[in-house]
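Given next are the chains, with one letter for each unit.
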Amino acid sequence: MDLDVFVSAHRAEWDRLEALLRRQRRLNGAEADELVTLYQRTATHLSLIQSSAPDPQLTGRLSQLVARARSAVTGTRRASWRDVTRFLAHGFPAAVYKSRHWWVPTALLSTAVAALLGWWIGTHPEVQASIAAPSELRELTRPGGQYETYYSSHPAASFAAQVWTNNAWAAALCLILGVFLGLPVIWILFQNMLNLGIGFGLMSSAGRLDTFLGLVLPHGLLELTAVFVAAGTGLRLGWTLIDPGPRTRRTALAEEGRAAIGMAIGLALVLFVSGAIEGFVTPSGLPTWARITIGVAAELAFLAYVYVLGGRAARAGDTGDVEAAERSATVPTAA
């Protein structure tokens, strides 16, 4: 494409579109039709320039022009409670459901790694000695030790808020850093599994594995599931850069990225529930079976939410992305 010739041929249309957008008065019928036609043509021109002869200055001008024209054509839209309801009932569970082929294997493999690390630490005293001195290990694992008092060392509300903030940040990092081919996500996930494996190994070597599981399972089932969903989605986002499929890499990354942002919001709500369980249920005086039952019930409720509501929404065509009307315009490349 000869960019100078193309600009000369279509500059008048762009200038006319800009003039219509600057009008202070309401457009009449003919002008409104002209605005729609020029918006569609300019979007096509922008697509051609981006694919054939990208020029940063011209692309920037046309991008702003198309965005302004699109806003004028479609009108501004405010979020409502209906959007929140739709997101929670359809968008978020559909996105989690559609990414299950990533986060379910991630969960299984990560759990296996944590169990293997726990077995290795629990059966090798020399590994335990490299973690801490014997006196420190006894202080960690004894009845009333640090592993137990950790959950009750702060007021429940502040502890739940702190846990929620830390976990939501970890999940957000998995989603955000997935764009770097997923490598940082693997590291974050390994660190989480290593911490879990250390606790598992040290408490099992002290003969107190039942106590450890009674402390971890109530909140850990839902908490780890949320982390696995975030990690799996981050890995999926990284893979999109390598293999975008039939979509262009830019379009694929935009679609997956928007869905990931929505999942970050949804997972923050899930982690709020697990944080509340960790702050109020885990350190409570309830019997171990009752605390674990609450954790299992929360986990099963989330899985049912994903596989029932999410599966139904996904089969209806929901991907977790924003509605088509809210996406960037993509127009066929026909001059």
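Residue numbers restart at each chain and count upward from 1, following the sequence in its written direction. In keeping with the model being predicted, local features are shown solely for residues with a pLDDT of at least 70 and side-chain atom pairs are shown and tallied solely at 80 or more, while totals for entire chains, interfaces and linings include all residues. Where side-chain values are given, they derive from all heavy atoms of the structure, hydrogens and water being excluded.

1. Overview of the UniProt feature "transmembrane region" (unreviewed entry) in the protein
Consideration 1: According to UniProt, the feature "transmembrane region" (unreviewed entry) maps to residues 102-121, 168-189, 221-239, 259-277 and 289-308 in the numbering used here.
Consideration 2: Here a helix means four or more residues in a row that DSSP labels H or I, a strand means two or more in a row labelled E, and each is numbered from the N terminus. With 100% helix and 0% strand, residues 289-308 has end C-alpha atoms that lie 27 Å from one another. UniProt positions are given in the numbering used here, feature names are shortened, and annotations may be inferred rather than shown by experiment.

2. Some remarks on the packing of helix 11 (residues 209-242) against helix 12 (residues 249-281)
Consideration 1: Between helix 11 and helix 12, whose axes approach to 9 Å, the crossing angle comes to 170°. As far as their axial angle goes, helix 12 and helix 11 are roughly antiparallel.
Consideration 2: In the contact of helix 11 with helix 12, the residues fall into 17 nonpolar, 5 polar and 5 charged. In this analysis, axes come from line fits to C-alpha atoms, helices being fitted only over the stretch in contact, and the angle between any two N-to-C directions falls in the range 0 to 180 degrees. Angles below 35 degrees are treated as roughly parallel, those above 145 as roughly antiparallel, those between 65 and 115 as roughly perpendicular, and all remaining angles as oblique. Gly is placed with the polar residues, together with every amino acid not listed as nonpolar (Ala, Val, Leu, Ile, Met, Phe, Trp, Tyr, Cys and Pro) or charged (Asp, Glu, Lys and Arg).

3. Overview of the packing of helix 11 against helix 13 (residues 288-315)
Consideration 1: At their nearest, the axes of helix 11 and helix 13 sit 8 Å apart, and the two run at 10° to each other. Here helix 13 runs roughly parallel to helix 11, going by the angle between their axes. Where helix 11 abuts helix 13, its residues Leu-213, Gly-214, Leu-215, Leu-217, Pro-218, Leu-221, Leu-222 and Thr-225 lie against Thr-288, Arg-291, Ile-292, Gly-295, Val-296, Ala-298, Glu-299 and Phe-302.
Consideration 2: Looking at the contact of helix 11 with helix 13, its residues break down into 10 nonpolar, 4 polar and 2 charged. Note on definitions: a residue-residue contact is assigned when non-hydrogen atoms from the two residues lie within 4.5 Å.

4. Some points on helix 13
Consideration 1: An expected span of 1.5 Å times one less than the residue number is assigned to each helix. Along its 28 residues, helix 13 runs 39 Å from first to last C-alpha, staying within 8% of the 40 Å computed at 1.5 Å per residue.
Consideration 2: Within the sequence span of helix 13, burial applies to Ala-290, Arg-291, Gly-295, Ala-298, Glu-299, Phe-302, Val-306, Gly-310, Gly-311, Ala-313 and Ala-314.
Consideration 3: Where helix 13 is buried, its residues contact helix 4 (81-98), helix 5 (100-123), helix 11 and helix 12.
Consideration 4: Residue Gly-317 follows helix 13 closely and has a positive phi angle near 105°. Working definition: with a 1.4 Å probe on protein chains only, accessible area under 20% of the residue-type maximum means buried, over 50% means exposed, and in between means partly exposed.

5. So, the nonpolar core
Consideration 1: Definition used in this section: a nonpolar core is a set of buried Ala, Val, Leu, Ile, Met, Phe, Trp, Tyr and Cys residues joined via side-chain atoms within 4.5 Å. Judged by nonpolar contacts, the single largest core of 35 residues is most densely connected at Phe-92, Val-96, Leu-267 and Phe-302.
Consideration 2: Among the elements of the structure, helix 4, helix 5, helix 9 (156-177), helix 10 (183-205), helix 11, helix 12 and helix 13 are those that each provide at least two residues to this core.
Consideration 3: No other element matches helix 11, which puts 8 residues into this core.
Consideration 4: In contact with Val-96, not counting residues within four places along its chain, are Trp-103, Val-229, Met-263, Phe-302 and Val-306.
Consideration 5: Ranked by size, the runner-up nonpolar core spans 18 residues in total, among them Leu-38, Leu-46, Leu-65 and Ala-69.

6. Some words on the pattern of salt bridges
Consideration 1: Should a side-chain nitrogen of Lys or Arg be within 4 Å of a carboxyl oxygen of Asp or Glu, the pair is scored as a salt bridge. Taken as a whole, this structure holds 10 salt bridges when the rule is applied.
Consideration 2: One salt bridge connects Glu-18 with Arg-22, and the closest N-O pair in it is separated by 3.1 Å. Residue Glu-18 and its partner Arg-22 are both found in helix 1 (residues 3-22); the two are separated by 4 residues, about one turn of the helix.
Consideration 3: On the basis of relative accessibility, which here comes to 17%, the residue Glu-18 falls in the buried class.
Consideration 4: Of the charged contacts, one joins Glu-31 and Arg-23 as a salt bridge, the two residues approaching to 2.6 Å between their closest N and O atoms.

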